[in-house]
Structure formats: C-alpha cells, structure tokens
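Listed below, chain by chain, are the residues.
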Amino acid sequence: MSLLLLPACSGKSANDNTDPNKLPGVNNNDVGTPVPGGIYRLAAVADAPSLDPLKESSVATHAAVGLVYSKLIDYKIGPDVPFGTNDLEGDLATSWDTSTDGLTWTFHLRQGVKFQNIDPVNGREFTSADVICTMDAIKARGQQRGDISMINTWTAPDKYTVTMKLGAPYPDLAYKFAGNFLWMLPCEGTQEKFDLLTKAIGTGPFQITKWVKDRERVYAKNPNYYVPGKPYMDGIDVVVIPDTTAQAAALRTKKLDAVATVQDLASVQALVKSNPNIFVTKEMQYAPFMVYMNQAVKPFDDLRVRQAVSMAIDREGMIANLRPGGKISGPVTPLVTGALAPDEVKSLQPFDPAKAKQLLAAAGVPNGFEVKMLVTNGYGDTVLREAQWVQQDLEKVGIKVTLDTQDYVTYFTKSFAGKEYALGAGLQTPWLTADDMLVSQYYSKGTRNWFNINDPTLDKMIFDARSQTDATKRATADKDISRYIIKNVSNPLNLYLYEAFVLYGGYMHGIHPQPEYGSRHLINVWMDKDAPGRSPSS
Amino acid sequence: MVTTTTTTAATTAPARTATWRRSRWWEFVRTQRLATVALVIIVLFVVAAIFAPLLAPYGATEQIRTAIRHAPDGRYWFGTDDLGRDIYSRVLYGARTSILISVTTVVVSGAIGTAIGVLSGYFGGRWLDSLLQRIMDAIIAVPGLVLLLFLAAVLGPSIRNTIIALIILIVPAFSRVARGEMLRVREEPYVEAARANGCGTVRILVRHGLPNLFAPLIVVTSLLFAGVLIAESALSFLGIGTPPPTASWGRMLSEGTRFLEIAPWMVVFPGGALTLAVLAFNILGDGLRDFLDPRSRR
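Being a predicted model, the structure only gives us computed values, none of them experimental.

Reading the values: rules and limits
- Residues numbered from 1 in each chain as written.
- Chains lettered and ligands numbered in written order.
- Predicted model: local features only at pLDDT ≥ 70, side-chain atom pairs only at ≥ 80, totals over all residues.
- Heavy atoms only, no water.
- Helix = DSSP H or I, 4+ residues; strand = E, 2+ residues; numbered from the N terminus.
- Contact = heavy atoms within 4.5 Å.
- Areas by Shrake-Rupley, 256 points an atom, 1.4 Å probe, with all protein chains shown as cover.
- Lys, Arg positive; Asp, Glu negative; His and termini not counted.
- Charge placed at Lys NZ, Arg CZ, Asp CG, Glu CD.
- Buried < 20%, exposed > 50% of the residue type's maximum accessible area, 1.4 Å probe, protein only.
- Buried area = accessible area lost by both parts, 1.4 Å probe.
- Salt bridge = Lys/Arg side-chain N within 4 Å of Asp/Glu carboxyl O.
- Pairing = 2+ DSSP bridges.
- Axes fitted to C-alpha atoms, helices over the stretch in contact; angles between N-to-C directions.
- Phe/Tyr/Trp six-rings, centres within 6.5 Å; stacked < 30°, edge-to-face > 60°.
- Patch = residues over 30% accessible without salt bridge, like charges linked within 9 Å, V, L, I, M, F, W, Y side chains within 5 Å.
- Core = buried A, V, L, I, M, F, W, Y, C linked by side-chain atoms within 4.5 Å.
- Disulfide = S-S within 2.5 Å.

*Asks:* Before we move on, could you go through the overall build of chain A and cite the residues and values that matter?
*Replies:* The number of helices and strands found in chain A is 15 helices and 22 strands. Counting only C-alpha atoms, chain A reaches 65 × 60 × 40 Å along its principal axes. Partitioning the intrachain contacts of chain A with sequence separation of at least 6 by distance along the chain shows that 72% fall at a separation of at least 24. In the structure as shown, chain A presents an accessible area of about 18,600 Å², 50% of it carried by carbon and sulfur atoms. Charge centroids of chain A, computed over 55 positive and 58 negative side chains, lie 1 Å from each other.

Spelled out as structure tokens, the structure:
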C-alpha cells in the first residue's frame, strides 16, 4: 500500500538504519529549520475509484481527497503528539460544546476560511451553509450516513455556528467528526454544480491540479489554506505503481521520497544497508487484516463453519512470518478503547485445527468443501501472501480454497460491497472508535455490513452501548459485545493489527502522521534544500 | 507368383520407410549436435513436468513454515521461498504449468492458424484472403506485449485466460507460414496433375498440401514455444498471468525479485530453468530449420 493508501504510517523513526526492528528511540528526522518548497513524490498501489467521498468508502478515495477537504474536527497533529492519540483539535471548527443532557451539540466555525480558488466555488468563504449542505447530502445519499444516524436535526443559527440535536446521548460524536469520512464539502459540490466524482474543491492544504485515473494525481499547495505559511511543500505527486519492487527501486534511485510497501524486515535491512540515506519508521497500523464470509452463502450460514474457519487460521504464525510485528485482534481492534485484550481474544478463538475439523463435521461437511476466496492485488504483495497463508491453513482442515484475485476497484466496489463472494480476505477500514467498528460492520443495517449479519440481540447491544454516557461502562459494554460476536457470529474475523515499515529519503523531515484517512500532518512536512523533489527534472 | 511379389512389395515398403526415418534421425543427430542436446533438455523438462508429483519432494503450494526463505542445502536443494515453499518442487511444477500453457497454446493456435492459412492460401479468392489477412495484420500491428497485457487485463488472471491471450497473439504467425506455403503448393505441377486426375480438394490438401506444410510449421512451432514461454512468464511476472499460488516460473521470478538481496535463490533457480528452456527451444528451432530447409544449409 502506498503512503496514501496506508494512512497509519508512522510516528517514530530510526537513525540506526541497520536494524529497523530495534529503533533506538524517537527521532522524527526533525533536525533543521523547515524550508518551504519542493514536491513530495509518493506511489500508490491502486488508485481511487472516484473522488466522491459521499459515494465511496474506499480508503483510496478518502486518502486522495483527504488532502483537499477538511473536517470540522481532527485528531491533533504535531511533533509532540504520539501516533494514535485520542486528543482532538479544531479543524474547520474552532470549538464545540455539548448541552448538559448530551442531546445538543454546538460547533463554532473558524472564520475567514476560504475554499480553493477553482470554478465554480472560486475561493469563497466557508460557512455554516456548507456544513448544512454536507450533512443534508450525507443523509440523502452518503455512504457515511451511519456516521450521523444519531443526529436528528442540524441547523445554522448564524454564518459561523452549527447546532445539532441528537435523539439520545452520543458521547463519541466529536470522534465521529474527526474520523475517516466526514469531510466538509462546498454546497456547489453537493448541489451538483460540479462533479464530485472527478473533481474535489475543498478548504484543505492541497488542491488537485491533475488526475489521470490509475496513473497519477498531482496536487498543488493551496495558497488560501487557513494556516499561514503552511503547507511547506509546493505540492504532492502520487504515481500509481502496483509493483512493490518497482516502488522500492524508485526509492533507491530517488524517484520517490517515501515507500510503504517493503514490509519484510530482512528486505528493509538490506535496502537501508545499501542506501544509508534512507530512514525507516515502524508503527502499528489501525487497519486489521481480516477474513470474512458471506452469511447468505452456504455453508457460511452455519455458525460452526465460521468458527471452524476462525480456529483453522494460525494468526500468530502469520504475524511472526509475514509482518514485522502485530497484535491479535477481536471484533474491536486492540488499539481502540473497548477492545478485548489479545490474550482474551486468543483464548476465545484459539488456533485449533482439530477442533475446526470437529466443527465442520458437526456442520455436516466432514470432508470440507471447495470455495473461492476474494482477494485484491490493490493492497500489495504482503496481503496476497497473507491470503495464501490462510489458504494453506484452511486446506489443512479440508476447506479447499481457490484465490480469486481482482483489481482493487472491482474487488471493493463490485464484489465486496455487492456481496458477490462467499469468502474473502483483505484489509478493513482503520476505524478509530469501537462504536464505528461495531455499528458499521455488525449492525444489521450497518453501512459496511457486507457480510449479511442479522442478529437482533447484537443490534440491541450495540445501540445500548453507544448511548452509554459513562466511558468506563461503555468500554465494558463494548467488550461484552466483542465476546458475544466471537461466540455467536464469528464473522468478519479481524485476525490482527500489524506493524508496518515506511521508508523515507533522509532529506524528508517533520513527519508525524495520525492513523485517520486524512493527511493533514503533511502541512508540517518539509524537505532539505538538496532534496530531489526540488529539482525541476525530478 | 504374382501374389508372392505383391506380399514382398507390401512388407518392404514400410520397412524401407522405417529405415529411412531412422537414417534421418541419425542424420539429424550427426549434423545438429547442439540441437540434439537442446532436444534432450526439452525432453527432460517434459519428463519433469509429467512426473512432477513423483519427482518433487513437496507439494507445489505446500508451506513448510519452519523453513521460510531457507537457503539451498541437502534438504531443500533450491532453497525455500517467502512462504516456506520448496523451490525445487515449485520449479518442477512450474515446468508443468509452463509446458501445459505452451503446448496448449501452440497446438490450438497452430490448428487455428494453419486452418486460416490454408483457407486463405488455397481457396483464397479476393475477398476471403483479404479479409482473413487483414485480421491477421491487425493483430500483428499491435506490439505483442501490449496486446498480451490488454487481453490479460480484460480477461483476468488465470491459466485459461493466459492461454487464450497467447493463442490470439500467435495465431497470425502460423497463418502466415501456412498461407505462404499453400500459395506455392497450389501452383505446383503435381497438384495440377492431381487435380486433372480428378482428385478432390480434401485429398489434394491431405496428400500434397499438409505434408509440404510440415517442415516450416515444425520450425515455427519450435521457435514459438520459446516465445510463448517468455510471454507467459512476462505476464505472470507482471501479475496478470497465472494467479497465486500456482507455481509458474514467471510468478516465482516476480515473487523472488522482492527478496533478491536476501534470498537470491528465489530468483536464480526459476530464472535458470526459464533461460535453459527458452534457449533449448531456440536452438532446437534453429537446428530443425537448418536440417529441414536445404536452402539454409548452402
């Protein structure tokens, strides 16, 4: 995955290039004073299906438009903020407050924020009307409608204030607005005065100047950006290079400034040994590797078969052999509040092929069965290797799997979202709260329930938990939901979170990302005066 | 007496033919020594492909998880790959994949291309010949790799689709050779004589046309085998040929390049097998051309 397809990139980096697995402490390559200018050159394994954040839930789309649009609230960024922080800060809102009953939220908008100077928006000021347009559009046709389903009404008392009324308390609302999907769009976009599928005009730090689908995206610095002097860089070029070896070669020859597709420790070591100027970061990703089943397709309608699949897979072996590190995950991923501890997850769904065979026999398929497993090459080679590992594990219990490898757009928009599969493997959205994960995937009407899960008891548990105002009680309820899912649903199987390397040219500085899909941290990234990205021919 | 003579003639003719064939083989072996070595190598590859399940110590996709990226040694002769699969076994099974694809592609495209060439060359009136040859020209006009990439991308990665893409690519090569030869043969005096004696079209084609096609087609086939091997490997290398986890030399090369610095054996052995096979088919093709075409020996 490219950096823009792998938003949870890094927070820590190493100056000991010989062993990226033994990072000697925090060093973000922050030496020196920021120098404006230069083009940041990145690679993506796959391109966005479209630029419309209302239509697409794909990471590729949101990573692409995350540079262009802003959110009301965002996760805090900066050199002193640890990766994966829970601290929020205003983006388009300067502040927000909640009524004592938790039912009314008021957002105070930043004044003087200008949209990018592109027709038909033409650099006009961002106001509360745009928030209302965005909310209306999401409610009418947005794939993010689940994210705002707890809000009954939204109004704009004045140009810089928005008030939202909820049916029940929802303490995590600020995190919803800081999450992966709730970009603020101009009314011209939601009212179809320009095509959101192919054009993006926002208030973010960069504006798209060129998009050739499946080839490249070119971004230029937004001169109207509301933070004076930022971003430092003049632009970003994202080239689509599906082949990870070619990406690594481009980094070696300084045709790219960063690569996130080399994920094997020994390969990273070899690469930095022969290119000492490269520095490496390693950070736990928020996107779990998952195996999922379509419960409308036999025999996956049988809980025992789904449990057998779960017990057949050697998660720890995968982490040890295919990733630089990782943590076993339950339905709620382990970096998020409300997740089960990996040890408990392991005890609830152990690696037990013998038991898996017994479950298959009890389900009436003692000799196993044949099935196709949906995968995509759009997540990079490592995910394909993980799929082959799972394939071998399942074969050992009698489930003969054939890989159905599809391009990313077909995989995500047609086969996965269209539920045209029986079994699949891939990466899941790096949701940042337990509620996001549970409502999106496990709620019977969840926007990302592409597994045909329909369990009224589970629905009730999820909605009871989300309105719980006491944070400790909510976390306890979320853990109970995870236990219930493992025992009674066993699908999708979030196998683990994994650590990932990102390799940067030594001339890059100020890199402090956060795991959400936007890349606002890039406003603080800068490059040396002799960086290749400053050369006109580069 | 008459009966005896007839019997003698009947038994000596096949014997003479067999003797002639044997002498031709020996002549080939004697005059084309390099090509003979190439033929032996090809036979070894075919044997390896057919008997891969017996010769390979492990399954093609079997993951030995205690030996991931294990260097070559007495147990794993060619080492193991990034999923712990035995590379020696995968090279053997890869031969099976490559030869399956090559043979199927060459046989099917040979049949289609020859039929088109014969139709075009023997029967070809103004419109039929023009129509068929313009279609062939259109296929040839597109660079081979570009056409393959397009077809493979449209059809999707699978062995069947790889074969279909390769067939479309090489049909014109057979068609052109067959057409050229048929244009020559149909004007030969012995064909005219056969026609004058009342021989039907089918008989003329079978007795006089196809035997004349044999020599040029066998040379083209041998050379195209090498091209198909390379093309299949290129497609798999680019990720749109044989899908994972199928053992194919191209895919093994593609997977191995990522580990070139730390596990070069992942590339060296499938790359070596591919190089050797392609070289063998090319040398055999050259040898057959020299042997079967008297003009090239002058």
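Structure shown, so let's carry the discussion forward.
*Asks:* Mind laying out the overall build of chain B, listing which residues take part and the relevant values?
*Replies:* For chain B, the count of helices and strands is 12 helices and zero strands. Walking chain B from its N terminus toward its C terminus, one meets helices and strands in the order α-α-α-α-α-α-α-α-α-α-α-α. Across the 298 residues of chain B, 46% fall into the buried class. Of the contacts formed within chain B by residues at least 6 apart in sequence, a portion of 69% connects residues at least 24 apart. Of the roughly 14,800 Å² of accessible surface on chain B, a fraction of 69% belongs to carbon and sulfur atoms. Seen as two clouds, the 28 positive and the 18 negative side-chain charges of chain B have centres 7 Å apart.

*Asks:* Residues and numbers for helix H10 (residues 249-257) of chain B, please.
*Replies:* Burial within H10 of chain B is extensive, with eight of its nine residues counted as buried. Within H10 of chain B, burial applies to Trp249, Gly250, Arg251, Met252, Leu253, Ser254, Glu255 and Gly256 of chain B. Where H10 of chain B is buried, its residues meet helix H11 (381-396) of chain A together with helix H2 (33-50), helix H4 (87-123), helix H9 (201-237) and helix H11 (265-292) of chain B.

*Asks:* So, the interface of chain A and chain B: which residues are in play, and what are the values?
*Replies:* In this complex, chain A contributes 22 residues to the contact, which on the side of chain B involves 18 residues. At the boundary of chain A with chain B, total buried surface from both sides reaches about 1,800 Å², with 46% on carbon and sulfur atoms. Interface area lost by chain A to chain B is led by Arg385, Gln388 and Gln392 of chain A, which between them contribute 30%. At the surface where chain A touches chain B, the tally comes to four salt bridges. Between Glu261 of chain B and Arg252 of chain A there is a salt bridge whose closest N-O contact spans 2.3 Å.

*Asks:* Quick one: what's the story with the sheet that holds strand S6 (residues 104-109) of chain A, residue by residue and with numbers?
*Replies:* All names here are of chain A. Pairing is antiparallel across the open sheet formed by four strands, whose spatial order is S5-S6-S8-S7. Every other strand in the sheet has two partners, leaving strand S5 (93-98) and strand S7 (151-158) as the edge strands with one partner each. Across the sheet, the axes of successive neighbouring strands diverge by a mean angle of 20 degrees, strand direction being ignored. Pairing of S7 with strand S8 (residues 161-166) involves five bridges; the strand directions are antiparallel. Paired with Thr153 across the strands is Lys165, a residue of S8.

*Asks:* Kindly report on the pairing of strand S11 (residues 216-221) of chain A, identifying the contributing residues and their values.
*Replies:* Residue and element names in this part refer to chain A. Taken together, the six bridges between strand S10 (residues 206-212) and S11 define a ladder with antiparallel strand orientation. What sits directly across from Gln207, in S11, is Ala220. Counted along the chain from S10 to the antiparallel partner S11, the turn is three residues long, and its residue Asp214 has a positive phi close to 65 degrees. Inspection of the sheet shows S11 paired to strand S12 (residues 235-240) by five bridges, in the antiparallel sense. Paired with Val218 across the strands is Asp237, a residue of S12.

*Asks:* Quick one: what's the story with helix H8 (residues 315-322) of chain A, residue by residue and with numbers?
*Replies:* Among the residues of H8 of chain A, Arg315, Gly317, Met318, Ile319 and Leu322 of chain A are the ones counted as buried. The elements touched by buried residues of H8 of chain A are strand S15 (289-293), helix H7 (303-312), strand S16 (326-328), H11 and strand S20 (493-505) of chain A.

*Asks:* Before we move on, can you summarise the packing of aromatic side chains with the specific residues and values?
*Replies:* This structure, assessed with the given rule, holds 31 aromatic pairs over all chains. For the pair Phe300 of chain A and Phe369 of chain A, a centre-to-centre distance of 5.6 Å together with 80 degrees between the ring planes defines the contact as edge-to-face. Of this pair, Phe300 of chain A sits in the loop between S15 and H7 while Phe369 of chain A sits in strand S17 (residues 369-376); the two residues are 69 residues apart in sequence, bridging distant segments of the chain. Look at Phe45 of chain B and Trp249 of chain B: their rings are 5.6 Å apart centre to centre, the planes differ by 65 degrees, and that puts the pair in the edge-to-face class. Highlighted residues: Phe45 of chain B in helix H2 and Trp249 of chain B in helix H10, separated in sequence by 204 residues.

*Asks:* Before we move on, could you go through unusual backbone geometry and cite the residues and values that matter?
*Replies:* Along the chain, Asn491 of chain A connects to Pro492 of chain A via a cis peptide bond; the corresponding omega equals -15 degrees. The residue Pro492 of chain A is located in the loop between helix H15 (471-488) and S20 in this model. Phi at Lys419 of chain A is positive, roughly 55 degrees, even though this residue is not glycine. Since its relative accessible area comes to 31%, Lys419 of chain A is described here as partly exposed. Phi angles above zero are rare outside glycine, and Arg69 of chain B is one such case at about 50 degrees. Note that Arg69 of chain B resides in the loop between helix H3 (52-55) and H4.

*Asks:* Just give me the short version of a nonpolar patch on the surface, but keep the residues and values in it.
*Replies:* A contiguous nonpolar surface patch, about 600 Å² in accessible area, is contributed by Val43, Val46, Val47, Ile50, Phe51, Leu54 and Leu55 of chain B. Following the sequence through the fold, Val47 of chain B ends up in helix H2.

*Asks:* So what about the nonpolar core? Which residues, and what values?
*Replies:* By size, the foremost hydrophobic cluster in this structure holds 157 residues, and its most contacted members are Leu72 and Phe177 of chain A. Per-element accounting of this core gives the leading share, seven residues, to S20 of chain A. Apart from the residues lying within four places of it in its own chain, the contact partners of Leu72 of chain A are Gly90, Asp91, Leu92, Ala93, Phe107, Leu109, Val131, Met164, Phe177 and Met184 of chain A. Core analysis: the second largest hydrophobic core is formed by 65 residues, Ala95, Val118, Ala152 and Val171 of chain B among them.

*Asks:* Could you give an account of the side chain of Gln349 of chain A, with specific residues and numbers?
*Replies:* Residue and element names in this part refer to chain A. Take Gln349: it is sitting in the loop between helix H9 (342-348) and helix H10 (353-362). Given a relative accessible area of 9%, Gln349 falls into the buried group. If near-sequence neighbours (up to four positions away) are discounted, Gln349 is found in contact with Ser310, Arg315, Ser329 and Ile486.

*Asks:* For the environment of Val336 of chain A, give the residues involved together with the corresponding values.
*Replies:* Residue and element names in this part refer to chain A. Mapped onto the fold, Val336 is located in the loop between S16 and H9. With 193 residues separating them along the chain, Val336 and Lys529 place their C-alpha atoms 39 Å apart. In contact with Val336, other than residues within four places in its own chain, are Trp431, Leu432, Thr433, Ala434 and Met437.

*Asks:* Can you break down the state of the cysteines residue by residue, with the values?
*Replies:* In a disulfide, the sulfur atoms of two cysteines are held together by a covalent bond. All names here are of chain A. Per the stated rule, a full pass over the model turns up one disulfide over all chains. The residue that forms a disulfide with Cys133 is Cys187, at a sulfur-sulfur distance of 2.1 Å. Disulfide Cys133 to Cys187: torsion about the S-S bond roughly 95 degrees, handedness right-handed. One end of the pair, Cys133, is in helix H2 (residues 128-141); the other, Cys187, is in helix H4 (residues 187-190), and 54 residues separate them in sequence. Exposure remark for Cys133: the relative accessible area of 13% places this residue in the buried category.

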